Structure formats: structure tokens, C-alpha cells
Amino acid sequence: DQQVKQNSPSLSVQEGRISILNCDYTNSMFDYFLWYKKYPAEGPTFLISISSIKDKNEDGRFTVFLNKSAKHLSLHIVPSQPGDSAVYFCAARGIISNFGNEKLTFGTGTRLTIIP
Amino acid sequence: DVKVTQSSRYLVKRTGEKVFLECVQDMDHENMFWYRQDPGLGLRLIYFSYDVKMKEKGDIPEGYSVSREKKERFSLILESASTNQTSMYLCASSSLGYLKLNIQYFGAGTRLSVL
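A.B. asks: What's the story with the overall build of chain B in this structure? I'm lost.
C.D. replies: Per the secondary structure count, chain B includes zero helices and eleven strands. Counting from the amino terminus, helix and strand elements in chain B follow one another as β-β-β-β-β-β-β-β-β-β-β. By the compact-globule yardstick of 13 Å for 115 residues, chain B fits well, its C-alpha radius of gyration being 13 Å. Projected onto its principal axes, the C-alpha positions of chain B cover 45 × 30 × 25 Å. For chain B, the proportion of its 115 residues judged to be buried stands at 49%. Looking at chain B alone, contacts between residues at least 24 apart form 56% of all its contacts between residues at least 6 apart.

This is the structure in C-alpha cells:
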């Protein structure tokens, strides 16, 4: 069962406009949510995160919004730049043992293409 | 800068071969992870380890095993490679401690083709 879902496999946005990437989850026990960015032939790199007790976190051009009642988060990129073209994965953290072991559950990814 | 190094970028193996994928991290991280990435399926956790000689199954451990003899090194083993194990394999590491968010840092990946 897919606990973290990204329903849009791809998204194209004009340079300078806003990119909005969406993610839905089902497990209310997740305590952090993260966005990773992946270029071809490279590993994913961490972009931004949000705690489950917050509803917004901003870092430069990137803002993540969390709607806990809807179990939905979104990543906004403003303004979009050609270098933002990549695959974006959302991920959710769960604590899985009394020792504090944690794991991330990833979505399927959204390929963002910024059109110059 | 955190560095996670995967020994091979590309590997081609034959069905039935035993395959070793190696990963080394230089940040003294307690946690290490192996994922596979497939189109339309995202990243799926195969195995992880939170200490030397400790291992835990992830979501898709069948057909795989792991070894962690030293803190900095985590190996993924395909005992008898099959064509459905053709994939991109990603290693990651992070600190331990659930009171704060521990970012997972990824290697560049190994693209494995099993023929």
C-alpha cells in the first residue's frame, strides 16, 4: 500500500512562474515531511523539510505547505528557473522502534520541466 | 561535505551471478540504507542498518542481503541475480536520534543490469 503518493508524474512550467508539486499521505503518525530533488545520474539531494506541527516552512525560493487535516503537502517554487528541472520526491518520516530507528517512505516522484 | 560513495556507477551481470554493491560514507553516520529506484515506483527501501553488524529489513528485502562489518561501509548482496533486479540502486546514510530530523545523504547510485 502506497502511504505517500505523488499523483502527477510530470509537470511543465514556464520560467519565472510558480511551480507547485503535490504530495498526499495516509499515515497520520509521520512526524516530518521532506522534499528531495534528483538530477539524472546523481543521487537525490535534500531540499526542504517541515515538521508535522507546522503548516509552512520557507527557504528562499522554496516553500513547503502542510495541511494535516487533508494529509496533503505541497512544494512551491517561485520563481521557477531552468536549473529547477529535475525529479522531485516527497518523503515522510516514521519512527519504527523504541531505539529511535527511523525510516523514510518516498513518493513516486514528479518530473518538473522548466521551459525557458 | 557529506560524502557517500558507491563503488560502481554501472554494472552488468548475468542471471544467477552473486552481486556485491558497496557503499562507503565519511561522516561517521550510524544509519545506512539501501534503496532501489524504479520508474513509477519511486524509491523503495530494501534494507537498513543502524549500527555495525545490525540490519533491519525494509519494504522489499526479498532476494537481497546486506553486510555491515565496519561503521562506514554497507554492502548490498544479490545472492543470485535475476532480471527483475535490474534497477538503480541508491545508498544513503544519516545520523541517529529521533528527537531531531536526520537528513539522509545519498550516493550517486549504481545502475545494475541483469541479463
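Once you've had a look at it, read on.
A.B. asks: Teacher, can you tell me more about the interface of chain A and chain B here?
C.D. replies: Many analyses report the size of an interface as the accessible area lost when the parts associate. On the chain B side, the residues contacting the 23 residues of chain A number 25 residues. When chain A packs against chain B, close to 2000 Å² is buried across both sides, 60% of that on carbon and sulfur atoms. As a salt-bridge pair, Lys103 of chain A and Asp59 of chain B come within 2.6 Å of each other at their nearest N and O atoms. There are four residue pairs in polar contact (both at pLDDT 80 or more) connecting chain A and chain B. Those elements that place two or more of their residues in the side of chain A that touches chain B are strand 4 (32-38), strand 5 (45-51), strand 9 (86-95) and strand 10 (102-106) of chain A.

A.B. asks: Help me out: how do you make sense of the side chain of Thr63 of chain A in this one?
C.D. replies: Residue and element names in this part refer to chain A. Here Thr63 is to be found in strand 7 (residues 62-67). Owing to a relative accessible area of 9%, Thr63 belongs among the buried residues under this scheme. Those residues in contact with Thr63 that sit more than four places away from it in its chain are Ile48, Lys56, Asn57, Glu58, Ser74, Leu75 and His76.

A.B. asks: Can you help me understand the nonpolar core in this one?
C.D. replies: In summary, soluble globular proteins display a tendency toward joint burial of nonpolar side chains. Residues and elements named next belong to chain A. Counting residues in hydrophobic clusters, the biggest one holds 23 residues, and the most contacted among them are Phe33, Trp35, Leu73, Leu75 and Tyr88. Counting only elements with at least two residues in this core, the list comes to strand 3 (19-25), strand 4, strand 5, strand 7, strand 8 (72-77), strand 9 and strand 11 (110-115). The greatest single-element share of this core, amounting to four residues, is contributed by strand 9. Ignoring any residue separated from it by four or fewer positions in sequence, one finds Leu73 in contact with Leu21, Asn22, Cys23, Tyr25, Phe33, Trp35, Val64, Phe65 and Leu66.

A.B. asks: Help me out: how do you make sense of a nonpolar patch on the surface in this one?
C.D. replies: Residues and elements named next belong to chain A. Taken together, the side chains of Ile18, Ile20 and Val78 make up a nonpolar region of the molecular surface, amounting to roughly 230 Å² of accessible area. Within the secondary structure, Ile18 sits in the loop between strand 2 (10-14) and strand 3. By relative accessible area, which is 42% here, Ile18 ends up partly exposed.

A.B. asks: What am I meant to see in the sheet that holds strand 1 (residues 4-6) of chain B here?
C.D. replies: One key point about sheets: their strands pair by backbone hydrogen bonds, in either a parallel or an antiparallel sense. Residue and element names in this part refer to chain B. Strands sit in the order 1-3-8-7 across an open sheet of four strands; the sheet is antiparallel. On the outer flanks of this sheet lie strand 1 and strand 7 (64-70), each paired with one strand and no other. Here the average twist between neighbouring strands, direction ignored, is 20 degrees. In the sheet, strand 3 (residues 19-25) pairs with strand 8 (residues 73-78) via six bridges, with the strands oriented antiparallel. Across the sheet, the residue bridging to Glu22 is Ser75, located in strand 8.

A.B. asks: What is the right way to look at the packing of aromatic side chains in this model?
C.D. replies: Tallying each qualifying case throughout the model produces twelve aromatic pairs over all chains. Both rings, one in Phe106 of chain A and one in Phe106 of chain B, keep their centres 6.1 Å apart while their planes meet at 80 degrees; by these two values the pair is edge-to-face. Of this pair, Phe106 of chain A sits in strand 10 while Phe106 of chain B sits in strand 10 (residues 105-106), each in a different chain. Comparing Phe106 of chain A with Phe106 of chain B, the two get one shared label, buried. Among the aromatic residues, those joined into a ring-pair cluster are Tyr36, Phe46 and Phe106 of chain A together with Phe33, Tyr35, Phe48 and Phe106 of chain B.

About the thresholds
Residues numbered from 1 in each chain as written. Chains lettered and ligands numbered in written order. Predicted model: local features only at pLDDT ≥ 70, side-chain atom pairs only at ≥ 80, totals over all residues. Heavy atoms only, no water. Helix = DSSP H or I, 4+ residues; strand = E, 2+ residues; numbered from the N terminus. Rg over C-alpha atoms; globule rule 2.2 N^0.38 Å. Buried < 20%, exposed > 50% of the residue type's maximum accessible area, 1.4 Å probe, protein only. Contact = heavy atoms within 4.5 Å. Buried area = accessible area lost by both parts, 1.4 Å probe. Salt bridge = Lys/Arg side-chain N within 4 Å of Asp/Glu carboxyl O. Polar contact = N/O pair within 3.5 Å; in protein donor to acceptor, adjacent residues only side chain to side chain. Core = buried A, V, L, I, M, F, W, Y, C linked by side-chain atoms within 4.5 Å. Patch = residues over 30% accessible without salt bridge, like charges linked within 9 Å, V, L, I, M, F, W, Y side chains within 5 Å. Areas by Shrake-Rupley, 256 points an atom, 1.4 Å probe, with all protein chains shown as cover. Pairing = 2+ DSSP bridges. Axes fitted to C-alpha atoms, helices over the stretch in contact; angles between N-to-C directions. Phe/Tyr/Trp six-rings, centres within 6.5 Å; stacked < 30°, edge-to-face > 60°.

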